[in-house]
Structures are given as C-alpha cells and as structure tokens.
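Structural features, examined
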Amino acid sequence: LKSFGCSFIFGSELHDDGWGTAAATPSQFSWPALIAQHYNYQYQCYARPGSGNTRIAESVLNQLQTAEPAIYIIGWTWTERFDYVQTDPDCWKTLTAWSADQVGDFYYRNLHSQYLDKLSSLMSISLVLQQLQAQGQRFLMTYMDDLLFEQQWHCSAAMKLLQQQIQPHLHNFDGLNFLDWSFQQGFPVGTRGRHPLEAAHRAAADYVLNHNLV
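Notes on the structure follow. (Residues numbered from 1 in each chain as written. Predicted model: local features only at pLDDT ≥ 70, side-chain atom pairs only at ≥ 80, totals over all residues. Heavy atoms only, no water.)

1. Concerning the packing of helix α2 (residues 31–39) against helix α8 (residues 198–210)
Where α2 meets α8, the axes come as close as 8 Å, and the angle between the chain directions of the two elements is 55 degrees. The pairing of α2 with α8 is recorded here as oblique in orientation. You can see that α2 and α8 cross each other, and the crossing is right-handed. Together, Trp31, Leu34, Ile35, His38 and Tyr39 of α2 and His201, Arg202, Ala204, Ala205, Val208 and Leu209 of α8 make up the contact between the two elements. For the contact of α2 with α8, the class distribution of residues is eight nonpolar, two polar and one charged. (Axes fitted to C-alpha atoms, helices over the stretch in contact; angles between N-to-C directions. Helix = DSSP H or I, 4+ residues; strand = E, 2+ residues; numbered from the N terminus. Parallel < 35°, antiparallel > 145°, perpendicular 65-115°, else oblique. Left-handed = near helix turned anticlockwise from the far one by under 90°. Contact = heavy atoms within 4.5 Å. Nonpolar A, V, L, I, M, F, W, Y, C, P; charged D, E, K, R; others polar.)

Listed below in structure tokens is the structure:
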C-alpha cells in the first residue's frame, strides 16, 4: 500500500513521526498505515508535510512508472498551495498563503488566482486518475479543499468538465474532510499544527474499511 499527500497522510503530530526534527519519518499510526496493517501489506508513504497538489501528483506518477500492483491512497490538499522546483528535481518547495518570505509575498500579491489554483489541481487529479485507471490499480482518493468542486465563482466549462470527471472518484468522511470530520467527532488534535491525533486516524481507517472504499 502506497500513500501520498501532505501532513494529514504523513501523520504529523502522531507520537512516532519526529515532528519538527530532521529525523521526521512517516507515522505508522496514520490511517493509511493502519489500513496497510489491516491487510498485512507492506506500507510505503510518499506523503510530505506542506506539499501542494502538483508535487503530490508528480510523486504518484513516479510510483506508477514502476507498474507494480499496489493500493494507492492519495490525500489531495488545499488548492492554494503552489509547488515549484528551482534546480534539483528532488528538491521541491511549496508556497502557502501564510508564507513569510519575499517569494511568497510576491506570488500571492501578483500572480496568485483562485481560478488557476482550482484548474491546476483539477488537471493534476485528472491526470493521476487516468493513469491509475489505465494501469488497473486499486486506489482511494480523498481531498481537503471543497473549492475543488465549487462552481459559482472562478469557474469555466473546462473546469466543470474536469470536476464531473473526477468527482465520482473522490471521497471524504461523512461529507467532510479529515480535519473537519475529526473536529466534528470530537477527536483530539495536536497543539503545534492542529493535526488529528491517533484516535482520529484509527476511526478514519475504520471508516474506510467499513465503507469498503479500498
């Protein structure tokens, strides 16, 4: 089982992730890891905290190149994150709306738009979906940002086409993303980054298994 996404798939703030240290490693208590344990599958986590959807898509496509059978669990993140690479293709950087540097300030003041956020995320998801289906891989895709399917503002015919294509293949938890669902269920979250903790991940794994999503 291979997982991809940002900190919510990585398992940030779970007790074994080494939060904030150079030794930070993917948690073995995240909900994808627990599903792998349920099936007695090897678990490989390619999620990285802070990733945007372009980086997530590239990571999935790199693994699909191997063509080995696997369950792919992908957690798409917030659309406003902007991924870029300066020199080394293995050295990604991501801007967020709260990036406290000159690059982030310039991008969000001069180049950023909600339309491009949505369109580029939808295109990334669409491409990954097509490749997963072409290879016949088992997969589960969840998402954090409801803006992916918003149509009242900053939308176009092209965007609606992509939304219609991918929406049947994206899931969440009782209509909420993992974080909001964890809050609704009353599960504790971390004090440093407000990530759901072990109880929420255990419940999310049970939710996926009980609903036969993988």
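Let's pick the thread back up.
2. Observations regarding α2
The α-helix winds at 3.6 residues per turn, so residues separated by three or four positions along the chain end up facing the same way. Residues Trp31, Pro32, Ala33, Leu34, Ile35 and Ala36 constitute the buried set of α2. Where the residues of α2 are buried, they touch β1 (2–4), α1 (7–10), β3 (71–76), β6 (138–143), α7 (178–185) and α8. After α2 finishes, the residue Asn40 shows a positive phi value of roughly 60 degrees. (Buried < 20%, exposed > 50% of the residue type's maximum accessible area, 1.4 Å probe, protein only.)

3. Considering the nonpolar core
In terms of nonpolar packing, the biggest core is built from 28 residues, with Leu1, Trp31, Ile35, Ile73, Phe173, Phe178 and Val208 touching the most fellow members. Elements supplying a minimum of two residues to this core: α1, α2, β3, α7 and α8. Membership of the second largest hydrophobic core comes to 23 residues, among which are Leu64, Trp76, Leu119 and Met159. (Core = buried A, V, L, I, M, F, W, Y, C linked by side-chain atoms within 4.5 Å.)

4. Observations concerning the pattern of salt bridges
Side chains that differ in sign of charge can pair as their charged atoms come close. Inspection of every chain in the model, using the stated rule, returns five salt bridges. In this structure, the salt-bridge partner of Lys2 is Glu68, at a minimum N-O distance of 2.5 Å. Placement of Lys2 in strand β1 and of Glu68 in the loop between α3 (53–64) and β3 is noted, with a sequence separation of 66 residues between them. Of the charged contacts in the structure, one is a salt bridge between Arg192 and Glu13, with a shortest N-O distance of 3.7 Å. Here Glu13 lies in the loop between α1 and α2 and Arg192 lies in the loop between α7 and α8, a separation of 179 residues in the sequence. On the accessibility criterion, Glu13 (7% relative accessible area) is buried. (Salt bridge = Lys/Arg side-chain N within 4 Å of Asp/Glu carboxyl O.)

5. Regarding the environment of Ala204
As for its position among the elements, Ala204 is in helix α8. For Ala204, a relative accessible area of 0% gives the class buried. Taking C-alpha positions, Ala204 is 13 Å from Tyr143, a pair spaced 61 residues apart along the chain. Once you skip the residues sitting within four places of it in the chain, Ala204 turns out to touch Trp31, Phe173, Phe178 and Trp181.

6. Focus on the pairing of β3
Taking burial as the measure, the six residues of β3 include six buried ones, the bulk of the element. Pairing analysis gives three bridges linking β1 to β3, with the strands arranged parallel. Across the sheet, residue Lys2 finds its bridge partner in β3, namely Tyr72. Pairing geometry for β3 and β6, over six bridges, is parallel. Looking at the pairing, Ile74 lines up with Met141 of β6. (Pairing = 2+ DSSP bridges.)

7. Here's the deal with the sheet that holds strand β7 (residues 170–171)
Read across the open sheet, the five strands follow the order β2-β1-β3-β6-β7; overall the sheet is parallel. Only two strands of the sheet have a single neighbouring strand rather than two, namely β2 (44–45) and β7. Against the sheet, α3 touches β1, β2 and β3, its axis set at about 170 degrees to β3.

8. Side note on the pairing of β6
As judged from the two bridges shared by β6 and β7, these two strands associate in the parallel manner. From the neighbouring strand, Thr142 faces β7, where its bridge partner is His171. Taken together, β6, helix α6 (residues 157–166) and β7 constitute a β-α-β crossover, and its handedness is right-handed. (Right-handed = clockwise from strand over helix to strand, strands pointing away.)

9. Concerning the packing of α7 against α8
Following both chains from N to C, one finds α7 and α8 inclined at 110 degrees, their axes separated by 11 Å at the closest point. One element, α7, and the other, α8, form an angle in the roughly perpendicular class. Residues Phe178, Trp181 and Ser182 of α7 touch α8, and the partners they reach there are Ala200, His201, Ala203, Ala204 and Tyr207. Considered class by class, the residues forming the contact of α7 with α8 number six nonpolar, two polar and no charged.

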